[in-house]
Amino acid sequence: MNKTIELENRYAAKNYLPLPVVLTRGEGVYVWDDAGNKYLDMMSAYSAVSHGHSHPRLVKALKDQADKLAICSRAFHTDKLGPMLKRACELTGMDMALPMNTGAEGVETALKAARKWGYRVKGIPAGHAEIIACEGNFHGRTIAIVGMSSETQYQDGFGPFPAGFKVIPYGDVAALEKAITKNTAAFLVEPIQGEAGIRIPPAGYLAKCAELCKKHNVLLICDEIQTGLGRTGKLLACQHENVKPDGLILGKALGGGLLPVSMFLARKDVMGVFTPGDHGSTFGGNPLASAVGLEALNVLIEEKLSERSAEMGTYLLDKLHTLKSPLIKDLRGKGLFIGIEFDPRKVSARSVCEQLMPHGILSKETHETVVRLAPPLVITREQIDWAVERIDLVLREMGKLRATG
Ligand SMILES: *Cc1c(COP(=O)(O)O)cnc(C)c1O
């Protein structure tokens with residue numbers, strides 16, 4: 001076996017099962033392995049690399065800021081935090097933001113804000129705040145967050161979990177109405193469920209949820225860590241239904257593919273519940289992350305990456321629809337956020353990813369049946385044409401093998 005992989009296997013905890021490839025370099029939509037082989041990255045680090053690998057403007061912002069001041073904690077003001085938060089708020093229509101690093105921290109921040117808002121503003125009796133989440137959700141890996149998960153593996157061996165969470169079916173407005181009580185502080189939802197396999201709820205779902213939340217004085221909090229910042233063809237996926245949530249979580253692409261940068265954004269009356277000492281993060285909002293985050297937002301707008309995602313996503317999805325593979329059970333997506341669902345009786349999504357790799361395409365299965373196609377948003381038509389040819393070839397080969405084997 002490859003020595004590098006052996007080394008990693010010896011010392012790294014086995015909480016991942018990576019494809020057997022060792023990446024050493026990336027540029028734009030491409031990455032290279034240790035033998036010099038080139039791959040089209042159709043995964044983009046779960047959408048953290050929407051701008052493409054090592055975007056020159058983002059690398060420059062990172063280097064310039066690293067030369068000046070990188071980390072100093074929130075014990076002091078910096079000249080970088082304000083401009084980044086202002087840009088994020090103006091672009092998303094939110095009033096204020098709380099910067100963190102990883103997505104899970106952004107979600108935890110949202111949960112804390114929602115509970116405190118529930119007690120201080122809505123008047124929920126102490127200790128009784130409820131937060132509603134959806135089956136199939138993915139919001140990260142902390143104890144509280146996996147406590148909301150409907151995936152048995154995510155919870156197995158990690159309990160007990162905090163109380164105060166309710167899980168309802170996704171895409172089901174009636175279930176939400178039924179679950180809301182006078183103690184409900186918030187409804188936390190992904191506009192499209194990414195990790196669940198690019199699950200797109202029925203049209204009108206989010207808008208109806210927003211109405212219900214408003215009627216019952218419940219905060220609608222959208223987790224757009226994966227769907228946000230252009231991935232689905234709009235700046236935010238909730239804009240497909242003209243929904244403006246009460247709280248919003250961003251992450252992944254906010255770091256421009258260079259750093260972990262996340263934030264919780266909200267209306268003033270929600271964010272206003274935080275007072276000094278309530279919550280924090282040593283690294284959250286550091287000048288390096290702020291400089292990169294601001295430039296990531298600027299590049300997103302100036303290079304029209306949301307519009308590109310809409311256009312290229314439609315192009316890719318249309319092309320995929322022309323593939324007549326009997327292995328494919330369903331095909332769905334919005335923007336460059338596409339899932340190919342395979343028939344599990346015929347082929348596993350993992351084996352498709354393993355076969356795509358030697359043909360120069362990297363992706364990752366989500367659950368056993370779905371291959372996610374979510375390339376950097378800077379991908380071109382020619383690159384998509386090339387990718388679909390490869391996918392077609394691999395599916396034909398796999399279809400044949402199955403027929404003869
Ligand atoms: C990735 C993801 C998270 C967690 O982000 P981390 O940076 O891995 O902690 C939360 N919510 C959604 C929707 C995600 O896709």
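Up top is the structure these notes are about.
Definitions and limits used
- Starting from 1, residues in each chain are numbered consecutively following that chain's sequence as written.
- Thresholds applied to this predicted model are a pLDDT of at least 70 for local features of residues and 80 or more for the giving and counting of side-chain atom pairs; totals over whole chains, interfaces and linings are not thresholded and use all residues.
- As a rule here, side-chain values cover all heavy atoms of the structure and leave hydrogens and water aside.
- Here, a strand pair is defined by DSSP locating no fewer than two bridges between the strands.
- Only DSSP runs of H or I with at least four residues qualify as helices, and only runs of E with at least two residues qualify as strands; both kinds are numbered from the N terminus onward.
- Axis definition: a line fit to C-alpha positions, over the contact stretch in the case of helices; interaxial angles, taken between N-to-C directions, run 0 to 180 degrees.
- Any two residues having at least one pair of non-hydrogen atoms within 4.5 Å are treated as being in contact.
- Being near a molecule or strand, for a residue, comes down to having at least one heavy atom within 4 Å of it.
- Contacts described as polar in this section are N or O atom pairs within 3.5 Å, which, within protein, must combine one atom able to donate a hydrogen with one able to accept it, while residues neighboring in sequence count only if both atoms come from side chains.
- Residue exposure ignores everything except the shown protein chains as possible cover, and the areas themselves are Shrake-Rupley values with a 1.4 Å probe.
- Three categories are distinguished: nonpolar for Ala, Val, Leu, Ile, Met, Phe, Trp, Tyr, Cys and Pro, charged for Asp, Glu, Lys and Arg, and polar for the others, with Gly belonging to the last.
- Salt bridges are defined by distance alone: a side-chain nitrogen of Lys or Arg within 4 Å of a carboxyl oxygen of Asp or Glu.

## Quick notes on the sheet that holds strand S8 (residues 219-223)
Consideration 1: Strands sit in the order S4-S10-S9-S8-S7-S5-S6 across an open sheet of 7 strands; the sheet is mixed. Bordering the open sheet on either side are strand S4 (96-100) and strand S6 (165-168), each of which pairs with just one other strand. For this sheet the average axis-to-axis angle between neighbouring strands, irrespective of direction, equals 20°.
Consideration 2: Running at roughly 55° to strand S10 (residues 262-266), helix H4 (residues 81-92) makes contact with S4, strand S9 (247-250) and S10 of the sheet.

## Considering the site of the ligand
Consideration 1: Taken together, Thr102, Gly103, Ala104, Phe138, His139, Gly140, Glu190, Asp223, Ile225, Gln226 and Lys252 are the residues near the ligand.
Consideration 2: Residue Ala104 places a main-chain N or O atom 2.8 Å away from an oxygen atom belonging to the ligand.
Consideration 3: At 2.7 Å, a side-chain N or O of Gln226 approaches an oxygen atom of the ligand.
Consideration 4: Protein burial of the ligand: of its 380 Å² of free accessible surface, 81% is covered by the chains.
Consideration 5: Each residue belonging to the shell around the ligand can be placed in one class, and the counts come to 3 nonpolar, 5 polar and 3 charged.

## Details of the sheet that holds strand S15 (residues 370-373)
Consideration 1: Strand order in the open sheet made by the 4 strands is S11-S12-S15-S14, with antiparallel pairing throughout. Of all strands in the sheet, those with a lone pairing partner are strand S11 (328-334) and strand S14 (364-366), marking the two edges. Neighbour-to-neighbour, the strand axes of the sheet open up by a mean angle of 30°, direction not taken into account.
Consideration 2: Note that S14 and S15 share 3 bridges and pair antiparallel.

## Notes on the pattern of salt bridges
Consideration 1: Applying the stated criterion across every chain yields a total of 23 salt bridges.
Consideration 2: Notably, a salt bridge pairs Arg345 with Asp343, separated by 2.7 Å at the nearest N-O pair.
Consideration 3: Connected via shared salt-bridge partners are Lys329, Asp330, Arg332 and Glu341.

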